[in-house]
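Now for the letters of each chain:
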Amino acid sequence: MSGIYVHIPFCSKKCGYCDFYSVKLCKDSDNVQDFLDSICTEIAQKSYLFHNQEVTTVYFGGGTPSILPPDALERIYRTICDNYNLAPNIPRSSSLVPQSSLEVTLELNPEHATDDYFSHLQRLGFINRLSTGFQSMTDGGLRYLGRNHSVSDNYRYLELCRKYGFDNFSVDYIFGYETLDDFQIEDAFRFFIDEGIPHISAYSLGFEENTPFMLRLRKGEIHKMDDDFYLRQFRLIHEILESDGYNHYEISNYSLPGRHSRHNSNYWNSVPYLGFGPSAHSFYDGGRSWNERKLSDYHRQISENRPYSDREILTPDDLFNEYIMLRLRTREGIDKEYLTLHFANYLKHFEKILRRRDLIDYFEINDRHVRLNINGVFISDYIISEFFV
Ligand code: SF4
């Protein structure tokens, strides 16, 4: 089992809070053609790394993959098919993608939701899951976040999903900013539930270095909310979704039964993956590697046949930290048997932190698993960091 991530590094406009690598797509430039040439070369170059692996998930992320015409995505997908051993891709019309088949996700922005785009995707047939950033269900919220679409684009997106039979899709939502109130959250999530949206990711607004938001924060033009505000909004979202049958399977992710993201779940289960495109990360053979971040440097990396910009082999301490970090994010939590088998030297340290008087009330512990309870989820970053060696 393994996964493939394809990073499409183009956006039409940078959102104020975003620190993912992307560049503005120039209409009359060759940069798309050059990018396609490089990424297809990279895909073929690295196939030897997965020669004995079955690929079960492919994820087109970005940037904004839907800024590319579907034919460009098809060229990339065909190159993957030609070079990797993919699990069978079943017809998209089946309502659930079986575990044994290929999950192919495309991030499709609301502003690109048109009849033309959806019908083209339907004809191509290989995309069986969509992910989109609604981020807000008010135009004021979308303006605050600097998004490039309106709420009516979000509505149209849902109509088109229904019209073209894309029933396996995910919606992202951002909370925790100064103009968002609890009533808006309730309206948005009641609407998502009424629409039967199968997968919802809810993220608190972050302020990352080198983003327009960080600059505006420093100038005092916008304000960061305090922890109580974040926690109250997170708790509200959590209560609405859980009471309506959504499974909170990872800190930021909720799904209806069987609709979790298999691709992202594989990250949390330390399944190997290859990432293609500028800034993409890979994880295989006990090490993590990453590509050059800038598009021009990435082209050079590929033309020089260098497999990565840098690679680190994870030490036993790194592997332990990573296991704790990834597993405590999930509802399943830490598997005690796995921990004993793979991290025997760390058991004493693990037990010591777990039993700490200031932490013990944040866990649910049974014979097989240790997981965070909902109060623990709210302060997960702190708890996870306490386990690090
Ligand atoms: S949030 Fe998405 S659309 Fe906005 S700049 Fe970042 S990658 Fe592009």
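Residues numbered from 1 in each chain as written. Predicted model: local features only at pLDDT ≥ 70, side-chain atom pairs only at ≥ 80, totals over all residues.

**Q** Go over the sheet that holds strand E16 (residues 334-335) with me, naming the residues and quoting the values.
**A** Sheet architecture is open: 3 strands sit in the order E16-E18-E17, paired in antiparallel fashion. The open sheet is flanked by E16 and strand E17 (363-365), the only strands paired with a single partner. Summarising the sheet, E17 and strand E18 (residues 369-372) pair through 3 bridges and their orientation is antiparallel. Note on E18: the bridge partner recorded for glutamate 364 is arginine 371. (Pairing = 2+ DSSP bridges. Helix = DSSP H or I, 4+ residues; strand = E, 2+ residues; numbered from the N terminus.)

**Q** Can you tell me about helix H1 (residues 31-45), naming the residues and giving the values?
**A** Here H1 contains 15 residues, and its C-alpha end-to-end distance of 21 Å stays within 8% of the 21 Å for a straight helix at 1.5 Å per residue. Among the residues of H1, Phe35, Ser38, Ile39, Glu42 and Ile43 are the ones counted as buried. Summarising the axial view, the buried residues of H1 lie within an arc of 135°, below the 170-degree limit, and thus occupy one face. (Expected span 1.5 Å × (residues − 1). Buried ≥ 20, exposed ≤ 12 C-beta atoms within 10 Å, placed from the backbone. Arc of directions from axis to C-beta.)

**Q** A description of the site of the ligand should follow, citing residues and the corresponding values.
**A** The ligand sits among Cys11, Lys14, Cys15, Cys18, Phe20, Ser22, Gly62, Gly63 and Thr64. Of the residues assigned to the shell around the ligand, the class counts are 4 nonpolar, 4 polar and 1 charged. (Near = placed C-beta within 6 Å. Nonpolar A, V, L, I, M, F, W, Y, C, P; charged D, E, K, R; others polar.)

**Q** Got a sec to walk through the environment of glutamate 351? Specific residues and values, please.
**A** Structurally, the position occupied by glutamate 351 is in helix H13 (residues 347-354). Judged by the 10 C-beta atoms lying within 10 Å of it, glutamate 351 falls in the exposed class. Sequence spacing of glutamate 351 and phenylalanine 387 is 36 residues, and the spatial spacing of their C-alpha atoms is 9.7 Å.

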